[in-house]
Amino acid sequence: KAGVTQTPRYLIKTRGQQVTLSCSPISGHRSVSWYQQTPGQGLQFLFEYFSETQRNKGNFPGRFSGRQFSNSRSEMNVSTLELGDSALYLCASSHEGRSSYEQYFGPGTRLTVT
Amino acid sequence: AQSVAQPEDQVNVAEGNPLTVKCTYSVSGNPYLFWYVQYPNRGLQFLLKYITGDNLVKGSYGFEAEFNKSQTSFHLKKPSALVSDSALYFCAVREGNFNKFYFGSGTKLNVKP
């Protein structure tokens, strides 16, 4: 099975712009979660989508949003970019049920805001 | 609230020696615990999990972890470290019935030849 894929892998944006990141989960996985990883804050949970609905949400401002499509692919959008949004954004998918629970991560999108 | 603590920013060990990476947790209800490893410029790779059952769980690449309920710990161990084990290790806890994970701050493992 193919793993979790994320596009693009690298992105450079300017303050004030917006950005959209994409994630394709492992086939059959309906849950997709997004995380922000920075050296100072570590891994922070952004939100989780399941069956096109946001099921869980972390403590991020409304500039961070996401959605999930019927094929479970997910996108994350950040509007009005700030320098502090520079980070590695990780997507993870998981299979609900059968006591699996673990999440499988993509390689991440490295976002640099200048 | 759920939380995970990894008290060591860095662990240094010689190749061939046993290694331990520490993790303590705080959860309400039964803990679902996980270990992940991250190599440079890569995403996180799942190593092992504790959901229920035996306190000693075995995972990928020869790693194992011991769940200790009384000490609220879930330490990662390996009997004989390899240089290739050098990476960043994260402990995580899943919040109850919600698919929401809390990660520790990470421990950098350095295995020297």
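Before any of the text, the structure's been laid out above.
Residues numbered from 1 in each chain as written. Chains lettered and ligands numbered in written order. Predicted model: local features only at pLDDT ≥ 70, side-chain atom pairs only at ≥ 80, totals over all residues. Heavy atoms only, no water.

### Concerning the overall build of chain B
Summing up its helical and strand segments, chain B has zero helices and twelve strands in all. Going residue by residue from the N terminus, the α and β elements of chain B occur as β-β-β-β-β-β-β-β-β-β-β-β. Taking all 113 residues of chain B together, the buried fraction comes to 48%. Within chain B, contacts between residues at least 6 apart in sequence are counted, and of these 53% link residues at least 24 apart. Accessible area of chain B: about 5400 Å², with a carbon and sulfur share of 48%. Here chain B holds 11 positive side-chain charges and 8 negative ones, and the gap between their average locations is 4 Å. (Helix = DSSP H or I, 4+ residues; strand = E, 2+ residues; numbered from the N terminus. Buried < 20%, exposed > 50% of the residue type's maximum accessible area, 1.4 Å probe, protein only. Contact = heavy atoms within 4.5 Å. Areas by Shrake-Rupley, 256 points an atom, 1.4 Å probe, with all protein chains shown as cover. Lys, Arg positive; Asp, Glu negative; His and termini not counted. Charge placed at Lys NZ, Arg CZ, Asp CG, Glu CD.)

### Some thoughts on the packing of aromatic side chains
Ring pairs (aromatic) are described by centroid distance and by the angle formed between their planes. Going through the model one piece at a time under the given rule, you end up with 18 aromatic pairs over all chains. Measuring from ring centre to ring centre gives 5.0 Å for phenylalanine 34 of chain B and phenylalanine 101 of chain B, while their planes differ by 55°; the resulting arrangement is tilted. Of this pair, phenylalanine 34 of chain B sits in strand β5 (residues 32-38) while phenylalanine 101 of chain B is found in strand β11 (residues 101-103), placing the two residues 67 residues apart along the sequence. Across the pair, phenylalanine 101 of chain B and phenylalanine 34 of chain B agree in class, each one buried. Between tyrosine 50 of chain B and phenylalanine 67 of chain B, the ring centres sit 4.0 Å apart and the planes meet at 15°, which makes this aromatic pair stacked. One end of the pair, tyrosine 50 of chain B, is in strand β6 (residues 44-50); the other, phenylalanine 67 of chain B, is in strand β8 (residues 64-68), with 17 residues separating them in the sequence. Among the residues examined, phenylalanine 67 of chain B registers a relative accessible area of 6% and is labelled buried. Through successive ring pairs, a cluster of aromatic residues spans Tyr35, Phe45, Tyr104 and Phe105 of chain A together with Phe34, Tyr36, Phe46, Phe90, Phe101 and Phe103 of chain B. One Lys or Arg, arginine 55 of chain A, reaches over the ring of phenylalanine 50 of chain A and ends 4.3 Å from the middle of that ring. Directly above the ring of phenylalanine 63 of chain B sits lysine 78 of chain B, whose terminal nitrogen or CZ lies 5.0 Å from the centroid. (Phe/Tyr/Trp six-rings, centres within 6.5 Å; stacked < 30°, edge-to-face > 60°. Lys NZ or Arg CZ within 6 Å of the ring centre and 35° of its normal.)

### Here's the deal with the sheet that holds strand β1 (residues 5-7) of chain A
All names here are of chain A. In spatial order, the strands read β1-β3-β8-β7; together these four strands make up an open sheet with antiparallel pairing. Looking at the sheet topology across the chains shown, the edges are occupied by β1 and β7 (64-68). Adjacent strand axes in the sheet meet at a mean angle of 20°, parallel and antiparallel pairs treated alike. Both β7 and strand β8 (residues 74-78) contribute to a ladder of five bridges, which runs antiparallel. Within the sheet, the bridge partner assigned to glycine 66 lies in β8 and is methionine 76. (Pairing = 2+ DSSP bridges. Axes fitted to C-alpha atoms, helices over the stretch in contact; angles between N-to-C directions.)

### A closer look at the pairing of strand β11 (residues 109-113) of chain A
Along any regular strand the residues' side chains alternate between the sheet's two faces. All names here are of chain A. The two faces of β11 differ: Thr109, Leu111 and Val113 on one face are buried, but Arg110 and Thr112 on the other face are not. As paired strands, strand β2 (residues 10-13) and β11 are joined by four bridges and run parallel to one another. Looking across to β11, one finds that leucine 11 is bridged to leucine 111. Sheet topology places strand β9 (residues 87-94) next to β11; three bridges connect them, and they run antiparallel.

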